[in-house]
Amino acid sequence: MIHTKSLTKDFVVSKTNTVHAVRAITLDVEPGELVAVLGPNGAGKSTTMRMLTTLIQPTAGSATVAGHDVVSESAQVRRLIGYVGQGNGAGHNQRAGDELYTQGVIYGLDRRAAKRRAAELLEALDLTALTSRKVSSLSGGQRRRLDVAMGLVHAPSLLFLDEPSTGLDPQNRANLWEHILQMRESAATPMTIVLTTHYLDEADSMAGRVVVVDHGEIIADDTAEVLKANLAGDRLVVEADQPTETARLTSLLDGFAGARDIQVEGGTVSARVVNGPRALPEFLRAADHAGIAVGTAQVHRPTLDDVFLTLTGRSLREAESTNNAEDAASTAARKDAA
Amino acid sequence: MSTATSTLSATVPAKRSAARNLFRDTGLVMTRELRPVLHDPFSLVFGMIQPLVFLALFGPLLVGSLGGQADTALGGSVWQWFVPSILVMTALFGTSTVGANLLFEFQTGAHERLLVTPLSRPSLLIGRALKEMVPLAAQAVIIVIVMIPFGFQLYAAGALIGFALLAVFGIGLGSLSYALAIAVRKQEWMFWVVQQTLIFPLMILSGMLLPLESGPEWMQVASHFNPLTYLVNAERALFAGDVGSAAAAWGWLAALVTVAIGLAVGIRSMRRSAD
């Protein structure tokens, strides 16, 4: 569905300063996949998506989207893909129903079909009561659902979502995803979805595949499960009942089969293990056997933040600040280009 | 909701084989742009009476300032001189500010939404510029009807041609306004700085509001380099029924040059507006 080859985007800020927003990304997405592109702000997620949706032209490399080249056949690509950008697709002075109708006509529906399609989408996304409301009077969550509806007017087989749930509260995020997944399921063939996000839990729970991007490059690409198991692993966290026993507990954990990366923090001792839920009772038995009383014990399942930390040495949150400088530079570059 | 979702897959839009043409896309963009105007009757009414207010306030002052010599100084009835001015002024302000609407759509994301659709790029510009002609036409009709009882003489053919001329010029100026908006979209305040800096000299140096004949010579010379001068003169000739005059021909030339430059610059900007 998507094939990119060394896709690259540079923003020239000045003669001596070029920002490499996207560096030679090669990515293949098969029909029916749900792929999350995860990375800090300024990592190149949106720039990549804007190239794939024909909004900006790559500096080098190529990309085929829905069977057509994004540069030489951009019109065909636009006809086939759905896109929900970071902003609100509906004009704020327009009425919700009118915007959906207009989109339908733009994609070639006749007036009656466009009206019917608009009504269906409004119904499916719980917006029917707001049909003749002005977009500017809708709430953030309602506007976001309208954006999704607009991206789906022509029932595309490939949908791009650029940070779909940014700025929404958890309840609205859950609600939005419920609708998106429902729309995906109701399609004749499962819609391929590519989304960018910097919410780890979103990538983790929604996507079948997670592509981690940092500094314009893909640094990992697998299912969330595999990424977490291979790159982070579970953590066993134990605390001795008596603080005096911490040293003995540490050496016991150090010698425990499969434990690595031992860390001691105050009275808490932790280690990476392959299978936390299995290792925990084994370790407790060993401690019992050695006569050490364990006060508390738990298993930390890894998050994608742990994955990102392992890959880059920075947590996602730290990365935000380093990449933001580049983000500002690329904004300046775009300003110059204009 | 389950019934709605079940029918969604049944209405997968048919593939459109016919070549999408500029004409149809332009119509779509224009209709979309007109909708909020029509849905907001309040601002519509105010927009319609604004030129009348100006006419009522400025007209008597103009007559007074010419010290009873108005009709000779202006070469005929004062309204015959001033009504075309007001129409040009309305078009000037209406079309030179349209870029601000686009700036807003840049901000919200609505423009980006249209850019990812199959709409042809030029239609995004031409449709918007054409839309401005609809309220302008209504304003023109209202002004003319209101002014007839005050001695304004209507030459229908000339007035129609005059309006067409104004529309051509307006599309050109509107396109330039959009191009300006696209160029300054990262520093929006620049839009108004540039627009205001250009619009007032252009307006005053066209002899639109006050006759330049009473001004210093350098102003009269400068007015010859102002395309708006030719447009204003042409409108006065056309509204006096003088359809085949040289002034009208010069006006058409000025309007056609404006529209050619406006569309060339505007379409080029529109193509690159997602960068």
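Worth saying up front: this structure is predicted, and the values here are computed from it rather than measured. (Residues numbered from 1 in each chain as written. Chains lettered and ligands numbered in written order. Predicted model: local features only at pLDDT ≥ 70, side-chain atom pairs only at ≥ 80, totals over all residues.)

**Brief notes about the overall build of chain A**
The test is simple: Here a strand is any run of E in DSSP of at least two residues, a helix any run of H or I of at least four, and the numbering for each starts at the N terminus. The burial label depends on the number of other C-beta atoms within 10 Å of a residue's C-beta. Counts of 20 or more mean buried, 12 or fewer mean exposed, and intermediate counts mean partly exposed, with C-beta atoms placed from the backbone. The contact criterion used here is simple: two residues whose C-beta atoms, placed from the backbone, lie within 7 Å are in contact.
Counting its secondary structure elements, chain A contains 12 helices and 14 strands. For the C-alpha atoms alone, the extent of chain A along its principal axes is close to 80 × 55 × 35 Å. Of all 338 residues assigned to chain A, the portion counted as buried reaches 44%. Sequence separation of at least 24 residues holds for 69% of the intrachain contacts in chain A that already meet a minimum separation of 6.

**Let's talk about the overall build of chain B**
When helices and strands are tallied, chain B shows 14 helices and zero strands. Along its sequence from the N terminus, chain B presents helices and strands in the succession α-α-α-α-α-α-α-α-α-α-α-α-α-α. Counting the 275 residues in chain B, one finds 42% classified as buried. The contacts in chain B between residues at least 6 apart in sequence include a share of 78% that link residues at least 24 apart.

**A word on the sheet that holds strand E2 (residues 17-29) of chain A**
All names here are of chain A. The cut-off we apply is this: Only strands that DSSP links by at least two bridges are regarded as paired with each other. Note on geometry: axes are C-alpha line fits, over the in-contact stretch for helices, and angles between N-to-C directions span 0 to 180 degrees.
Taking strand neighbours across the sheet as the criterion, the four strands line up as E2-E1-E4-E5 in an open arrangement whose pairing is antiparallel. What marks the edges here is a single partner per strand, and that holds for E2 and strand E5 (68-69). With respect to the sheet, helix H1 (residues 45-52) is in contact with strand E1 (2-14), E2 and strand E4 (60-65), its orientation differing from that of E1 by roughly 115 degrees.

**Some words on the interface of chain A and chain B**
The parts lose accessible area when they come together, and the size of an interface is often stated as this lost area. Short version of the rule: Residues are grouped as follows: Ala, Val, Leu, Ile, Met, Phe, Trp, Tyr, Cys and Pro are nonpolar; Asp, Glu, Lys and Arg are charged; all remaining types, including Gly, are polar.
Each partner contributes to the interface: chain A provides 44 residues, whereas chain B provides 31 residues. Those elements giving two or more residues to the side of chain A that touches chain B turn out to be helix H2 (74-80), helix H3 (96-106), helix H4 (111-124), helix H6 (170-186) and helix H12 (316-337) of chain A. Of all the elements, H4 of chain A adds the most residues to the side of chain A that touches chain B, at six residues. Grouping the constituent residues of the side of chain A that touches chain B by class yields 17 nonpolar, 16 polar and 11 charged.

**Re the domain arrangement of chain A**
As a reminder of what qualifies: Residue ranges assigned to each domain were obtained from an automatic or database domain assignment.
Parsing chain A into structural domains produces domain 1 (2-228) and domain 2 (233-301). Taken over C-alpha atoms, the centre of domain 1 of chain A sits 44 Å from the centre of domain 2 of chain A.

**Things to note about the pairing of strand E9 (residues 209-214) of chain A**
Looking along a regular strand, one sees side chains alternate from face to face of the sheet. Residues and elements named next belong to chain A. For E9, the tally of buried residues reaches five of six residues, placing the bulk of the element in the interior. Inspection of the sheet shows strand E3 (residues 34-38) paired to E9 by four bridges, in the parallel sense. Bridging across to E9, Ala36 finds its partner in Val210. Both E9 and strand E10 (residues 217-222) contribute to a ladder of five bridges, which runs antiparallel. Counterpart to Val212 in the pairing with E10 is Ala220. Counting the residues between successive antiparallel strands, the hairpin from E9 to E10 contains two residues, one of them, His215, with a positive phi of roughly 50 degrees.

**What about the sheet that holds strand E11 (residues 234-240) of chain A?**
Residues and elements named next belong to chain A. With antiparallel pairing, four strands are arranged side by side in an open sheet as E12-E13-E11-E14. Each edge of the open sheet is held by one strand with a lone partner, namely strand E12 (260-265) and strand E14 (294-300). When strand polarity is set aside, the average angle formed by the axes of neighbouring strands in this sheet is 15 degrees. Both E11 and strand E13 (residues 268-273) contribute to a ladder of six bridges, which runs antiparallel. Bridge pairing links Asp234 to Val273 in E13. Against the sheet, helix H9 (residues 246-255) touches E11, E12 and E13, its axis set at about 5 degrees to E13. Relative to E14, helix H10 (residues 276-290) is tilted by about 165 degrees, and along the sheet it contacts E11, E13 and E14.

**Focus on the environment of Phe11 of chain A**
Its location among the elements puts Phe11 of chain A in strand E1. For the pair Phe11 of chain A and Asp234 of chain A, spaced 223 residues apart in the sequence, the C-alpha separation amounts to 40 Å.

**Brief notes about the nonpolar core**
Filter applied, for reference: Residues enter a nonpolar core if they are buried, belong to Ala, Val, Leu, Ile, Met, Phe, Trp, Tyr or Cys, and are joined to the set through C-beta atoms within 7 Å.
Counting 142 residues, the largest nonpolar core has Ala149 and Val210 of chain A as the members making the most contacts within it. Looking at this core element by element, the count peaks at 15 residues for helix H10 (residues 156-183) of chain B. With near-sequence residues (within four places) excluded, Ala149 of chain A lies in contact with Leu100, Leu121, Leu122, Leu125 and Leu127 of chain A. Within the second largest apolar cluster, 12 residues are counted, among which are Ala240, Leu252, Ala279 and Ala287 of chain A.

**A look at helix H8 (residues 224-231) of chain A**
All names here are of chain A. Selection rule: The arc in question is the one traced by the directions running from the helix axis out to the C-beta atoms.
Along H8, the positions that sit buried rather than exposed are Ala224, Leu227 and Lys228. Burial along H8 is one-sided: seen end-on, the buried residues are contained in an arc of 95 degrees. Those residues of H8 that are exposed and angled more than 90 degrees off the buried face are Glu225 and Asn230. Turning to H8, the residues buried within the fold contact helix H7 (200-206), E9, E10 and helix H11 (304-312).

**Some remarks on the environment of Ala222 of chain B**
In this fold, Ala222 of chain B is placed in helix H12 (residues 217-223). Remark: the alpha-carbon pair of Ala222 of chain B and Ser206 of chain B, spanning 16 residues in sequence, is separated by 9.0 Å.

**Quick word on the packing of helix H13 (residues 227-239) of chain B against helix H14 (residues 246-271) of chain B**
All names here are of chain B. To be explicit about the condition: An angle counts as roughly parallel when it lies under 35 degrees, as roughly antiparallel when it exceeds 145, as roughly perpendicular when it falls between 65 and 115, and as oblique in every other case. In a left-handed crossing the near helix is turned counterclockwise from the far helix by less than a right angle, and in a right-handed crossing that turn is clockwise.
Remark: H13 packs on H14, axes separated minimally by 7 Å, with the N-to-C direction vectors making an angle of 135 degrees. Between H13 and H14, the interaxial angle falls into the category oblique. Helix-helix and strand crossings are classified by hand; for H13 and H14 the assignment is left-handed. Contacts between H13 and H14 involve Pro227, Tyr230, Leu231, Asn233, Ala234, Glu235, Ala237 and Leu238 on the former and, on the latter, Ala247, Ala248, Trp250, Gly251, Trp252, Ala254, Ala255, Val257 and Thr258. Its residues assigned to classes, the contact of H13 with H14 comprises 13 nonpolar, three polar and one charged.

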